[in-house]
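# Fold and geometry: a report
Read off the chains here:
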Amino acid sequence: MNPDALSVITFQEHLNLRKGKKKQGVVVKKVVLFLLLCGVTIMSDAKAKWKLETPLIPRSVLFGLEDPSAKASMCISPEGDYLLYCTPVDKIYNIFVCVKDDNGKFDLKKSIQITYETKQHIKAAGWMYTNGHILYSQDKDGDENTHLYLLDLHNQESIDLTPFDGVKVFGSELDRRYPNKILITMNKDNPQGGDLYTMDISKDLTDMTKLTSNPGNVLEYITDDDWNIRGIMQTTMEATTQIHLRNSDDEPFEQFIEWDMEDSDTSYFLDFCNNNKSIYIVDAKDSNTAKLKKINLETKEEEIIAHDPNYEMGSVFIHPKTKEIISYNIAKDRSKPTILDKSFESDFELMDEIEEGDLSIASMDKDMNTWICAFTYDDRVHNYYLFDRTN
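So, here is what we can say about the structure in this document. Predicted model only: the values in this text are computed from it and were never measured.

The geometry of an aromatic ring pair is captured by the separation of the ring centres together with the interplanar angle, meaning the angle of the planes. This structure, assessed with the given rule, holds 10 aromatic pairs. Taking 5.6 Å as the distance between ring centres and 85° as the angle between the ring planes, the aromatic pair formed by Phe375 and Tyr385 counts as edge-to-face. Placement of Phe375 in strand β27 (residues 370-376) and of Tyr385 in strand β28 (residues 383-388) is noted, with a sequence separation of 10 residues between them. A network of ring pairs unites the aromatic residues Phe317, Phe344, Phe348, Trp371 and Phe387 as a single cluster. Sitting over the ring of Phe164, Lys188 keeps its end group 5.1 Å from the ring centre.

On to the environment of Ala70. Relative to the helices and strands, Ala70 resides in the loop between α3 (59-62) and β3 (72-76). For Ala70, a relative accessible area of 15% puts it in the buried group. Once you skip the residues sitting within four places of it in the chain, Ala70 turns out to touch Gly64, Cys86, Thr87, Pro88 and Tyr93.

Two elements, strand β9 (residues 147-152) and strand β10 (residues 157-160), share 4 bridges in a ladder whose sense is antiparallel. Looking at the pairing, Asp152 lines up with Glu157 of β10. Taking the residues between adjacent antiparallel strands as the criterion, β9 and β10 are bridged by 4 residues, where Gln156 takes a positive phi near 55°.

Let us look at unusual backbone geometry. Residue Gln156 is not a glycine yet carries a positive backbone phi of 55°. Tracing the backbone shows Gln156 in the loop between β9 and β10. Phi at Met368 takes a positive value of approximately 65°, unusual for a residue other than glycine.

Conventions and cut-offs
- Residues numbered from 1 in each chain as written.
- Predicted model: local features only at pLDDT ≥ 70, side-chain atom pairs only at ≥ 80, totals over all residues.
- Heavy atoms only, no water.
- Phe/Tyr/Trp six-rings, centres within 6.5 Å; stacked < 30°, edge-to-face > 60°.
- Helix = DSSP H or I, 4+ residues; strand = E, 2+ residues; numbered from the N terminus.
- Lys NZ or Arg CZ within 6 Å of the ring centre and 35° of its normal.
- Buried < 20%, exposed > 50% of the residue type's maximum accessible area, 1.4 Å probe, protein only.
- Contact = heavy atoms within 4.5 Å.
- Pairing = 2+ DSSP bridges.

In structure tokens:
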């Protein structure tokens, strides 16, 4: 429907939409009252038209396309020498890269545009651990069949890694120990569900290995710290969510836990620990609110790391090397992190003094020395800060 068509509506057009002439007067009164409550001014003229007093807000303004300062997907490169972000150019989001100067700072005014899309936005982008390649996702003319693209920073050439018609990429996974490898979930062979593939960008980019096939009800594949497929998350006809795990590739999956429809909203699998013998989950089963747990897969012993009886669990920050939990947030009025790793406590205290918004770590380099910190609000735009832990 054309939004502009809503700006002028006649009495008769409203009456024709209603059945029964006896109740037409009541309907008109209710419509008039509703419009008055919504702030619509009624104009009396010969044609008895209603007009909106306030013009419609353009979609380009609502989605930040008119604001050249808008930023998305801001992240630091693994070596900490490049800054990547997406920003609108002629109302279309494109990728920009900023190089760290000799003083260790990033001057965004000197950023370089490296994509030149004129039709479809690029809002999701990030670094590979090669430090010279960028992955980004984009569909074609809004068809929602997302493809995964590889952009070489040095020659600024972009390649579609999934050039298949009607195929959608559901997600991708990277690991610092395998800088050239990508795990990709897409529905190339099964339109009803995503299968798991792997590829190595240092080799033939058309060579993609299929790791497993989706039987149709798998929502997500779970890999351990060595990239072995150790689990699946699936739904049932009863609207429950199940986690199935296994110890090795030659063993069948066995159900580990099941959440009903109500608990599924706040329960999920987090990650494997670094020894691959324990896991982290957020579990609301048999509880009013979810608990952050560590579970030993051999002994089934559970350790409750964090729980609030009144508020749900928020984000959890896991150390990418040690796989220990650095911090967690409880979703209260203000989402402030609780620090478990004391070696990061002073860093969070320093960042907390800068602004009053909800603090999150949007990105960091591979040595965890340079952070992109975001402060988010419910009544204003969020702000990014570059934080150097060594200085």
